[in-house]
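# Observations on the model geometry
Okay, here's what each chain looks like letter by letter:
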Amino acid sequence: MDDIVKQAMRKWPDVPNCFGWLALDRRGQWRMRDDAAQQAGAAGDPIRHDGLVQFIARNYQCDTDGRWFFQNGPQRVFVELEYTPWVARFHAGRVTVMTGDALQVETCLLDEHGNLLLAGTFGTLDGIAGQSAQHRHIALLSDTDLQAIETCIAWRDGYDEGDPDASPGDLVMPDGTRLPIARIRADAVASRFGFITSPQRHPHAND
């Protein structure tokens, strides 16, 4: 978290939380949702200002209820998640998330819609509220990188799509580690990994 943000939190400790105005989409874009977007149920406009994107990334955290937020000075701006709190990219055998942090992948999951999810830790991430640097995180792989990661998947012959416990294959990491691809239902991801997709609908979680 930025020092200037910490100073603002100490100076103004009782600023009300903000809900509904910021979202993270399935491609890792931060989106600003004004009143009109919220009333229409729209995704909102992508934030394209590099400085603001980096500021959000540096101050993106989670509370103990599993609600993700951007600490904007003294105010918590809670984030509406289109799917997961992290979105992964795959390039040159390396997995990173939208903040630029490298994800050390430990588990690979496939939901019923064909979305690939990667779970693991951020070895260098520090200071996330209510969580340690070694907390296990879940990231949706951006659909823009599905073709790139396809070359690292060893599909299993005779895979039974009707069997919810059957693994369709392995994700082969650059170091040769093979991670079996497990199945998961999309509606079970949030509860399994302990996050709330819509803090706006849970503004007083465990208050």
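## Some details on the layout of surface pockets
- There is about 330 Å³ of room inside the largest pocket.
- Lining the largest pocket are 15 residues; nearest its centre among them are R33, E80, L81, E82 and R201.
- Looking at the lining of the largest pocket residue by residue, the class counts come to five nonpolar, four polar and six charged.

## Notes on the sheet that holds strand β8 (residues 94-97)
- If you trace the eight strands from one edge of the open sheet to the other, you get β8-β7-β11-β10-β9-β14-β13-β12, paired in mixed fashion. The open sheet terminates on both sides in strands that have one partner only, identified here as β8 and β12 (153-155). Recorded for the sheet is a direction-independent mean angle of 35 degrees between the axes of neighbouring strands.
- Summarising the sheet, strand β13 (residues 169-172) and strand β14 (residues 178-183) pair through three bridges and their orientation is antiparallel.

## Notes on the packing of aromatic side chains
- Enumeration over the complete set of coordinates arrives at eight aromatic pairs.
- Between Y60 and W68, the aromatic rings sit 4.9 Å apart at their centres with planes inclined by 35 degrees, giving tilted as the arrangement. Side by side, Y60 and W68 carry an identical accessibility label, which is buried.
- Between the aromatic rings of W68 and W86, the centroid separation amounts to 5.4 Å while the plane-to-plane angle is 80 degrees, which identifies the pairing as edge-to-face. Here W86 lies in strand β7 (residues 86-91) and W68 lies in strand β5 (residues 68-72), a separation of 18 residues in the sequence. Accessibility classification places W68 together with W86 in one group, the buried group.

Parameters and conventions
- Residues numbered from 1 in each chain as written.
- Predicted model: local features only at pLDDT ≥ 70, side-chain atom pairs only at ≥ 80, totals over all residues.
- Heavy atoms only, no water.
- 1 Å grid on protein atoms, 1.4 Å probe; cavity = no way out; pocket = protein on both sides within 12 Å on 5 of 7 lines; lining within 4 Å.
- Points joined across faces, edges and corners; volume = space filled by probe spheres on them.
- Nonpolar A, V, L, I, M, F, W, Y, C, P; charged D, E, K, R; others polar.
- Pairing = 2+ DSSP bridges.
- Helix = DSSP H or I, 4+ residues; strand = E, 2+ residues; numbered from the N terminus.
- Axes fitted to C-alpha atoms, helices over the stretch in contact; angles between N-to-C directions.
- Phe/Tyr/Trp six-rings, centres within 6.5 Å; stacked < 30°, edge-to-face > 60°.
- Buried < 20%, exposed > 50% of the residue type's maximum accessible area, 1.4 Å probe, protein only.

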